[in-house]
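Spelled out from the first residue to the last, the chains are:
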Amino acid sequence: MLAVKRLAPLLGLIVAAPAVAVGLGPLAKEGITDSDRKGFYLTVINPYATAETFTLTPLDADAEAPAPRVTTIPARMVIGGGRNRKVLVIASSLVRGERYTFRVCAERPPLPTETIHARVCSKLTARRVDRP
C-alpha cells in the first residue's frame, strides 16, 4: 500500500502528459495596417523532451472552416525538445476599414496510442485603416 501512495503522483504525471500537446503564444493579438496585408508573429512551443512535428492551421474565427486569406510560414515544422520557434502569420486581401478576425491553431499529430487530439489556437484580428 505504501508503494502505491509513493507512485500516485508519478501516475498522475503519466496520465497528464498527453494533454500538453503544444504551446502557442500569444493566444490573442490585434494589429492595424494601412495596406492590404498584416503580419503577426506567433511562437510555437514544444513541451516534449524530444523533437516533434507541429502543424499550423488557419481557421475562421467562429467555425472550423479554413481561412483562405491567411498564410502561415512555415505551416509545418519540426521543433527540438523543449524548444520554441517563431512563425509568421499573414492576413491578406484586407479592404479599407475592414476588421478581419481569424484563428491559427497549432497541433502535434496524435500518436496511435493517444486518444486525445489536443490543439491550441490563437485568435488574431487585423484591421485596415479607412484612408487612401
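Notes on the structure in this doc start here. (Residues numbered from 1 in each chain as written. Predicted model: local features only at pLDDT ≥ 70, side-chain atom pairs only at ≥ 80, totals over all residues. Heavy atoms only, no water.)

1. Quick word on the sheet that holds strand β6 (residues 76–79)
Then, in step 1: With mixed pairing, five strands are arranged side by side in an open sheet as β2-β9-β8-β4-β6. A strand with exactly one partner marks an edge of an open sheet, and here the two such strands are β2 (28–33) and β6. Strand after strand, the sheet turns through a mean of 25° between neighbouring axes, direction not considered. (Pairing = 2+ DSSP bridges. Helix = DSSP H or I, 4+ residues; strand = E, 2+ residues; numbered from the N terminus. Axes fitted to C-alpha atoms, helices over the stretch in contact; angles between N-to-C directions.)

2. Here we look at unusual backbone geometry
Then, in step 1: A cis amide bond links Gly-25 with the next residue in sequence, Pro-26, at an omega value of -10°.
Then, in step 2: In this structure, the amide linkage connecting Ile-73 to the following residue, Pro-74, adopts the cis form with an omega of -5°.
Then, in step 3: Checked against the element boundaries, Pro-74 lands in the loop between β5 (70–73) and β6.
Then, in step 4: One non-glycine residue, Ser-93, adopts positive backbone phi at about 60°.
Then, in step 5: Within the secondary structure, Ser-93 sits in the loop between β7 (84–91) and β8 (99–107).
Then, in step 6: Among the residues examined, Ser-93 registers a relative accessible area of 47% and is labelled partly exposed. (Buried < 20%, exposed > 50% of the residue type's maximum accessible area, 1.4 Å probe, protein only.)

3. A closer look at the state of the cysteines
Then, in step 1: Counted by the stated rule, this structure contains one disulfide.
Then, in step 2: Covalently, Cys-105 is tied to Cys-121 through a disulfide, its sulfur atoms 2.0 Å apart. Here Cys-105 and Cys-121 share a disulfide; its torsion about the S-S bond, 100°, makes the bridge right-handed. Remark: Cys-121 occurs in strand β9 (residues 119–128) and Cys-105 occurs in strand β8; sequence separation between them is 16 residues. (Disulfide = S-S within 2.5 Å.)

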